[in-house]
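So the chains spell out like this:
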Amino acid sequence: MMPWLEILGLGLLLLAGWFWFDGFQARAAAMHAARVACAADGLLLLDDTVALAHLRLQRDGEGRLRLRRTYDFEYSDTGDNRRPAQLVVLGDEVLLLRLVPPATAAGERLRVVGGRQAADEG
């Protein structure tokens, strides 16, 4: 019979392996979504990577606890600039992809005028 310390150590090692593998799958889904979104809009995915920004637990649609990861990345619409973007992944499913519009990324403010949005230099 294994002593309890060895069982605990083995359990922690298995948990670390699962965490690494799950993170690898989530990052692969985020990379794929970022590449597809940039290609669809004619944008350039800069550095060809996503970076983990936040990690927390959240329940999915079936009530199971999953890891919710938020990834930051940058893209360019002209090749001379960097614009921030964000992806939210729950498990290996992409929940949200947010690209910052050029008007707000350039420091302009959006204001509503007569029910329409207009850019205001700021």
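All of these numbers come straight from a predicted model, not from anything done at the bench.

About the thresholds
- Residues numbered from 1 in each chain as written.
- Predicted model: local features only at pLDDT ≥ 70, side-chain atom pairs only at ≥ 80, totals over all residues.
- Heavy atoms only, no water.
- Core = buried A, V, L, I, M, F, W, Y, C linked by side-chain atoms within 4.5 Å.
- Buried < 20%, exposed > 50% of the residue type's maximum accessible area, 1.4 Å probe, protein only.
- Helix = DSSP H or I, 4+ residues; strand = E, 2+ residues; numbered from the N terminus.
- Contact = heavy atoms within 4.5 Å.

Participant: Any chance you could break down the nonpolar core for me, citing the residues and the numbers?
Facilitator: V50, Y71, F73 and L87 are the most contacted members of the largest nonpolar core, which has 15 residues in total. Taken together, the elements giving at least two residues each to this core come down to α1 (4-40), β3 (65-76) and β4 (83-90). In this structure V50 touches R27, A30, M31, A34, Y71, D72, F73 and L87, once residues within four positions along its chain are discounted.

Participant: Please give an account of unusual backbone geometry that cites residues and values.
Facilitator: Non-glycine residue D47 carries a positive phi angle of around 65°. As for its position among the elements, D47 is in the loop between β1 (44-45) and β2 (51-59). Positive phi values are uncommon outside glycine, yet D48 reaches one of about 50°. The topology assignment puts D48 in the loop between β1 and β2. Given a relative accessible area of 44%, D48 falls into the partly exposed group.

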